[in-house]
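# Secondary and tertiary structure notes
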Amino acid sequence: MSNSSFPTEFLLLPFADTRELQLLHFGFFLGIYLAALLGNGLILTAIAYDHRLHTPMYFFLLNLALLDLGCVSATVPKAMANSLWDTKTISSSGCAIQVFMFAVFIPAEFYLLTIMAYDRYIAICKPLHYGTIISGKTCVNMAAAAWGSGFLHAVLHTANTFSFPLCQGNALDQFFCEIPQILKLSCSDASIRKTGFVVFTACLLFVCFLFILYSYVQIFRAVLRIASEQGRHKAFSMCLPHLAVVSMFISTGTFTYLKPPSMSSPSLNLLLAVLYSVVPPAVNPLIYSMRNQELKDAAWKVMSECFSQAINCLSSAYH
């Protein structure tokens, strides 16, 4: 490959070489993908259907479900297809689309988690001013800022990644197109660009992390001052799911990009990528609904009505 060339396709890292394990991985990804589609789709339907859930907290949760669906759809379908059809290739245009989608949804999700922490902070620490501070217009503006920031982040990094020729082959040490892996194939020393990408992203996420940390310090201080046990339980039920999602998101993502080079290996890279990009979209609906009775009731109501309609349709067809 010449120094001025760009590959027409990339080779993704397979999960296994044997056909049996490839089919096993296909089944695993199919299960994860269906769980993400069902869980997030149910949250979207329940929030849209139940007028009691038309509040700022659930509006942000609806946006989080949309981002989770986008994130898992950016990588998992291609991974399933490769495992099922025993292939490893992805076109350069498909790779660019995958990079762009992933670079939109992951940062936007973290920005939205930061906004959700602020929403919980206002709800618990300044409840009398909640309606004034977190108005409907403010909610829309903050959600739009999260999506817009993710889009801008994706445009900058996708354009930067694909703006120079690659001459170190076309094999990526990951099951999807990831920016650091593509930069490794650069003709020139891409360490500066890779470091710039990691530092730029880490700085933005670190600022968000500090804001989330400050919010929860203030929240827990306020919760511990609540006299009634029922009030403390309700406050913790509102905050603990969000804190669990943030912790999982930050820990896996941070370790993925900041781990020492001596710890890097293809199998570990695959495992970490699955943990921070595939598992969260599937488990987030479970985490958020586990301690939220309103959301569980709305979801059960939606499922019951869908089941009843399905039974009625079958009965009509039978008769």
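Quick summary incoming for the structure in this document. Everything numeric here is computed off the predicted structure, so don't read it as measured data.

Further remarks concern the state of the cysteines. Disulfide: a covalent bond connecting the sulfur atoms of a pair of cysteines. Per the counting criterion, the structure on display carries one disulfide. Each sulfur in the disulfide pair C95 and C177 lies 2.1 Å from the other. Disulfide C95 to C177: torsion about the S-S bond roughly -130 degrees, handedness left-handed. Of the two residues, C95 is situated in helix α3 (residues 92–125) and C177 in the loop between α5 (136–161) and α6 (179–183); the sequence distance between them amounts to 82 residues. By relative accessible area, C177 is classed as buried at 1%. Sulfur of C208: no disulfide; nearest cysteine sulfur belongs to C203 and is 11 Å away.

It is worth spelling out the packing of helix α8 (residues 229–258) against helix α9 (residues 266–277) at this point. Orientation of α8 relative to α9, taken along the N-to-C sense of each, is 145 degrees, at an axis distance of 8 Å. At the point where α8 passes α9, the crossing takes the left-handed sense. The segment α8 lies against α9, with T252, G253, F255, T256 and Y257 engaging L272, L275 and Y276. For the contact of α8 with α9, the residue count by class is five nonpolar, three polar and no charged.

So, about the packing of aromatic side chains. Evaluation of the coordinates by the stated rule reveals eleven aromatic pairs. With a centroid separation of 5.7 Å and an interplanar angle of 40 degrees, the aromatic rings of F29 and F175 are classed as tilted. In this pair, F29 sits in helix α1 (residues 19–49) while F175 sits in the loop between α5 and α6, placing the two residues 146 residues apart along the sequence. The same class applies to F29 and to F175, which are both buried. With 6.3 Å between their ring centres and 85 degrees between their planes, F105 and W147 make a pair best called edge-to-face. Pair noted here: F105 is in helix α3 and W147 is in helix α5, with a separation of 42 residues, a long-range link. By relative accessible area, F105 is classed as buried at 12%.

Turning our eyes to something else, we now look at α3. With 34 residues, α3 ought to run about 50 Å at 1.5 Å a step, and its terminal C-alpha atoms sit 49 Å apart, in line with that. Burial of α3 is extensive: 25 of the 34 residues sit out of reach of the surface.

Thresholds, definitions, all that
Residues numbered from 1 in each chain as written. Predicted model: local features only at pLDDT ≥ 70, side-chain atom pairs only at ≥ 80, totals over all residues. Heavy atoms only, no water. Disulfide = S-S within 2.5 Å. Helix = DSSP H or I, 4+ residues; strand = E, 2+ residues; numbered from the N terminus. Buried < 20%, exposed > 50% of the residue type's maximum accessible area, 1.4 Å probe, protein only. Axes fitted to C-alpha atoms, helices over the stretch in contact; angles between N-to-C directions. Left-handed = near helix turned anticlockwise from the far one by under 90°. Contact = heavy atoms within 4.5 Å. Nonpolar A, V, L, I, M, F, W, Y, C, P; charged D, E, K, R; others polar. Phe/Tyr/Trp six-rings, centres within 6.5 Å; stacked < 30°, edge-to-face > 60°. Expected span 1.5 Å × (residues − 1).

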